[in-house]
Amino acid sequence: MHGGEDGSSAAPRLVDARPVDVDVAEAEQVSKLCGYLNKLSGKGPLRGYKPRWFVYDPRKCYLYCFRTPHDALPLGHIEVGDACFSYDVEAEEGQFEIRTAGKEFLLKAPTKQAMHYWLQQLQQKRWEYSNAIGSGHRDSWSSPTLAHPPMGLVGKDNGAFLCEKLSDSMENVRSHFAMETETDGGALVGAQSARGPNAASTNTLNFSLRNFGTELRNSMSYLRPGRGGESRRSVFYTGSSGAEDWELVDAPLKDHPETHRHSFGSSFAFDFVRNSSRPKRPLLRDAMGSGRSRRSAESLPLESNGGKPLEVQPRLQSHQEELGHLQQAQTELREELASQKELVRLLQQTLRTSQCDWQGVHHPAPDASVASDQTRAVTQEEVTKLDALLQERDGQVQSLCGHMERLALEKDSLQQELKGLKIKVGEINEQLGMLMETIQAKDEVIIKLSQQSAEQSCNASDGGSPTPSKDQQEVDILKDSLQGYKSQNKFLNKEILELTMLRRNSEDREKALEAKCTALEAKLCQVECKYLVLLQEVKTPVCSSSEQNPAREVISRLLEDALEVESSEQQAHPIFKPNTVSEYDAYGFKTVPEEEEEEEKLVAKVRALELKSLSMTDQEVSIGVKWENYLASTMNRDLVRSPELKALIRCGVPHEHRSQVWRWCVSFHVKKFRNHLAPDYYETLLNVARDKPNPASKQIELDLLRTLPNNKHYASPSAGGIQKLRNVLMAFSWRNPDIGYCQGLNRLAAIALLYLEQEDAFWSLIAIVEVFMPRDYYTKTLLGSQVDQRVFKDLMSEKLPRLHAHFEQHKVDFTLITFNWFLVVFVDSVVSDILFKIWDAFLYEGPKIVFRCALALFKYKEEEFFKLQDSTAIFKYLRCFTRTVLDSRKLMNVAFVDMNPFPMRQIHNRRAFHLEKVRLELTELEAIRQTFLRERETSQDRRSFVSDDEEDN
């Protein structure tokens, strides 16, 4: 779901849409309008109002209806773009109507103020949508505004998605008719109302027969682990004057009334509670007992309505926790003291035993003195040992006595600190008692004042006549009705004004389209006329002179018209200068290169026209609609890996959603790295790479302008992508010093920067090098790249045996061409439209996409290769045939259908097999090289050099 709205329900507003995920700090902030409304549905006796969760989607200007905020599939939608709104003063409170083409929707807000808020916001959204379409700056007619606009270098070219105001005077008139949107506490608007108590009680068994299948799927998806939000935890920031932080926590185990004070329904696995870092008013009557001592309110040392009393309860909790820690430490010290006492007792017992032995040795019995001299004699060595042992034991006893004294002192200090804390707790309890007494005194004063006010009003009513009282009530009712009619009149005036302007805008758009159609028809007539003249001249030549041949003149004119592209001057008047191909495509690549010859320019123009026509087919439009529906169904949750998402990505991600999908794919693959690193890891690497000398920096600088010279974002040193590319490569080289920089990494980073910001492009490079590709893929030896070429040869012999035999027959090594495909993932090898569709699947599924697409390219042009029977012609065609593959739908169908089955386990096994072979070959080559160097050195030592003069003599 989306979170972040006004914390006080008295002022609903647009909310800051953020997913519940903890990692959403990196996501962009998008304004969302959502909340609960009662919708009239059903037929006959079952007809009635049911609470529904409504979310506005700016992509299509739809108001989607969900049963709960957790649902993935909407129950329906309302087209706000061509709707009109109205309400009746005499109807039920909060009831309003939305009318679209052939449909009427009756909705009811909790209060009249909430109804005014919804109506005004829907009017604003409709106005913005109409202006976005009327401005002519759009990516498609169905999606003029985007919830997740493209980012990166491509995103800067799409500033037209922002709405434009028609005029300041019109905005002033609209603001003059704007209604007041102050609401009371019952208004359920915004993401926080998704946990509202009124809605929670009706969301458990609220199923309808009409949408039973959708609701059942929504319920099953909500019960699915990891998708319903059970294990999630987020902080929602509110923006009212009394701003507070609300935190989404797990539901408490005990059903305590104070614990559920901020709970919003028992059917959810989590609750909203205030963050402990913000002040909170304590429940004094529940926290304090009735037998505590009271003091007067005048002797209260703290402010009764200030900020200090609100901090008493958190301070009390912190002191209690500290007291518990001290008690635990005291218990541990007592146990340690007992163990030390036991050790001292054992040492003392050992000391006594040793002393007794010593006395027995030095003071023998008188009657045995003569015998002891004869039988045994105490040597000097034994006496020395015993003295040393006694000294050691004496030192241990002294150290233990000192340690006991220190423990005793520490115990006394802890006892003193414990007494001080107990005194502080008692003082805090007394302060709490005084605060309770103050609040109780204020409550009594309020009750007395309210009673006096009620008595005075009763006396005033008894003293007067009953007729003026009824007249006053009627006057009040009339005043209320007058105010309601004024609000209705103001709203209807604004609605009429906006509908009139919307009608005029649609008429202007219709006239513009008619003018454009007329211009296109005129251009078509001119082209047809020229072609008819050309055909007539070809059929029956008028004159034989080549200099005066009309056909040559017509052909030259047609070529000039064909090579024209849409310049900046022509873009200013798109109606009168209708061109189908602009100078740069949507990705910033030049469509018709200037430095090429005329024939190559014509081929490039034909290729651009074919790509343009393919992008306008029904299949491409249907893919865009599927993506719109899928993203609308996942509006309340983050993307999750699923077969449906995999199939959509294999069809290609639309241009306007590619930034969002790529960022999610990269985050998914590098999550195991980023979770253990600091949030500013990229900035830290970049600063270190700038400050310290980097051996890869020189080569990086040399390759910056050679990365994508045909792309406007990297064409010059002042282009917007050069500095970003430099930063990403420098940071990556510092993270991977064993790789540093390898030619090919610059192109990978440049493609990622077209749709991602610097840090995301940096992590995409890490995902490719450290997650997708094997080790040593981009090192100096390119060991992993060599292994993949051998694996690809095996797959060619299995999947395309006839073509592989054809190459073997003519001794053509196709790996000389495919090596670069794998190293840079087809950058500069295929047309841009196919390139980014390959990258869509590559970032989602991993390296096996490169094998699939490489095989599909050969399968696509298999028959063309069979027509070539010369090795030179085959190799020449091999170098450029990928540029002739234009139909991305056909290519993806070959890659993901004709190449099946394609298990990744098979690729892993073959990589391991060929890796050992390549390592053995490299070892043998190294041995041969060393032998050659030794022989060369010995031969140079034996060689004698003679000068030219000596040779002459």
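Residues numbered from 1 in each chain as written. Predicted model: local features only at pLDDT ≥ 70, side-chain atom pairs only at ≥ 80, totals over all residues. Heavy atoms only, no water.

Enquirer: Tell me about the pairing of strand S3 (residues 34–41), and please be specific about residues and values.
Expert: Where burial is concerned, most of S3 is hidden: 6 out of the 8 residues are buried. Looking at chain direction, S3 and strand S4 (residues 48–57) are connected through 8 bridges and run antiparallel. Residue pairing across strands places Tyr36 opposite Trp53, the latter belonging to S4. In this structure, the hairpin formed by S3 and S4 is closed by a connection of 6 residues, where Gly42 is found at a positive phi of approximately 95 degrees. With 2 bridges joining them, S3 and strand S9 (residues 103–108) adopt antiparallel strand pairing. Paired with Asn38 across the bridge in S9 is Lys108. (Buried < 20%, exposed > 50% of the residue type's maximum accessible area, 1.4 Å probe, protein only. Helix = DSSP H or I, 4+ residues; strand = E, 2+ residues; numbered from the N terminus. Pairing = 2+ DSSP bridges.)

Enquirer: Help me get a handle on the packing of aromatic side chains, residues and values and all.
Expert: A complete count under the given rule lists 35 aromatic pairs for this structure. When the ring of Trp627 is compared with that of Tyr630, the centres are 6.3 Å apart and the planes differ by 85 degrees; the resulting orientation is edge-to-face. Residue Trp627 and its partner Tyr630 are both found in helix H14 (residues 618–633); the two are separated by 3 residues, about one turn of the helix. Across this residue pair, the class does not change: Trp627 and Tyr630 are buried. Both rings, one in Trp662 and one in Phe836, keep their centres 6.1 Å apart while their planes meet at 25 degrees; by these two values the pair is stacked. Highlighted residues: Trp662 in helix H16 (residues 658–669) and Phe836 in helix H26 (residues 832–845), separated in sequence by 174 residues. Each member of the pair, Trp662 together with Phe836, is buried. Cation over ring: Lys108 sits above Tyr49, and NZ or CZ is 4.4 Å from the ring centre. Across from the ring centre of Tyr844, 4.3 Å away, lies the NZ or CZ of Arg641, which sits over that ring. (Phe/Tyr/Trp six-rings, centres within 6.5 Å; stacked < 30°, edge-to-face > 60°. Lys NZ or Arg CZ within 6 Å of the ring centre and 35° of its normal.)

Enquirer: Can you lay out the confidence of the model for the protein chain for me, pointing to particular residues and giving the numbers?
Expert: With 67% of its residues at a pLDDT of 70 or more, the protein chain shows a mean pLDDT of 74. Considering only residues more than four positions removed or in separate chains, one finds that residues 183–187, a stretch of pLDDT under 50, has 19 contacts. Confidence drops under pLDDT 50 across residues 566–578; counting only partners more than four residues distant or on other chains, this segment forms 16 contacts. (pLDDT = per-residue confidence, 0-100. Contact = heavy atoms within 4.5 Å.)

Enquirer: Got a sec to walk through the packing of helix H15 (residues 643–651) against H26? Specific residues and values, please.
Expert: One can describe the packing of H15 onto H26 by two numbers: an axis separation of 7 Å at closest approach and a directional angle of 150 degrees. Relative to H26, the element H15 lies roughly antiparallel. Across the interface between the two elements, Leu645, Lys646, Ile649, Arg650 and Cys651 of H15 pack against Lys837, Asp840, Ala841, Tyr844 and Glu845 of H26. Each residue belonging to the contact of H15 with H26 can be placed in one class, and the counts come to 5 nonpolar, no polar and 5 charged. (Axes fitted to C-alpha atoms, helices over the stretch in contact; angles between N-to-C directions. Parallel < 35°, antiparallel > 145°, perpendicular 65-115°, else oblique. Nonpolar A, V, L, I, M, F, W, Y, C, P; charged D, E, K, R; others polar.)

Enquirer: Mind laying out unusual backbone geometry, listing which residues take part and the relevant values?
Expert: Asn900 connects to Pro901 through a cis peptide bond whose omega is -5 degrees. Not every positive phi belongs to a glycine, and Val825 is a case in point at roughly 55 degrees. Inspection of the secondary structure assignment puts Val825 in the loop between helix H25 (815–824) and H26. Overall, Val825 belongs to the buried group, its relative accessible area being 0%. With phi around 65 degrees, Asp828 is a residue other than glycine that occupies positive phi space.

Enquirer: Provide a residue-level description of the sheet that holds S9, including the pertinent values.
Expert: One open sheet accounts for 7 strands, arranged S6-S5-S4-S3-S9-S8-S7; its pairing is antiparallel. Each of the sheet's edge strands pairs with one partner strand only, and the pair in question is strand S6 (76–79) and strand S7 (84–86). Mean inter-strand twist for the sheet, computed between neighbouring axes without regard to direction, equals 35 degrees.

Enquirer: Give a description of a nonpolar patch on the surface that names residues and reports values.
Expert: A cluster of nonpolar side chains, Leu922, Leu925 and Ile928, forms an exposed patch at the surface whose accessible area comes to about 290 Å². Within the element layout of this structure, Ile928 appears in helix H31 (residues 904–942). (Patch = residues over 30% accessible without salt bridge, like charges linked within 9 Å, V, L, I, M, F, W, Y side chains within 5 Å. Areas by Shrake-Rupley, 256 points an atom, 1.4 Å probe, with all protein chains shown as cover. Salt bridge = Lys/Arg side-chain N within 4 Å of Asp/Glu carboxyl O.)

Enquirer: Kindly report on helix H30 (residues 888–898), identifying the contributing residues and their values.
Expert: Listed in full, the buried residues belonging to H30 are Ser888, Arg889, Leu891, Met892, Val894, Ala895 and Phe896. Measuring from the side-chain oxygen of the N-cap residue of H30 to the backbone nitrogen of Arg889 gives 3.3 Å; that N-cap residue is Asp887. (Polar contact = N/O pair within 3.5 Å; in protein donor to acceptor, adjacent residues only side chain to side chain.)

Enquirer: I'd like to hear about the nonpolar core, residue by residue, with values.
Expert: General note: in soluble globular proteins, nonpolar side chains tend to be found buried as a group. By size, the foremost hydrophobic cluster in this structure holds 121 residues, and its most contacted members are Leu745, Tyr778, Phe826 and Phe858. Looking at this core element by element, the count peaks at 10 residues for helix H27 (residues 848–860). The residues contacting Phe858, other than those within four sequence positions of it, are Phe792, Met796, Leu800, Leu803, Phe807, Phe814, Thr818, Trp821, Phe865, Leu878 and Phe881. By size, the runner-up hydrophobic cluster in this structure holds 27 residues, among which are Leu75, Ile78, Trp118 and Tyr129. (Core = buried A, V, L, I, M, F, W, Y, C linked by side-chain atoms within 4.5 Å.)

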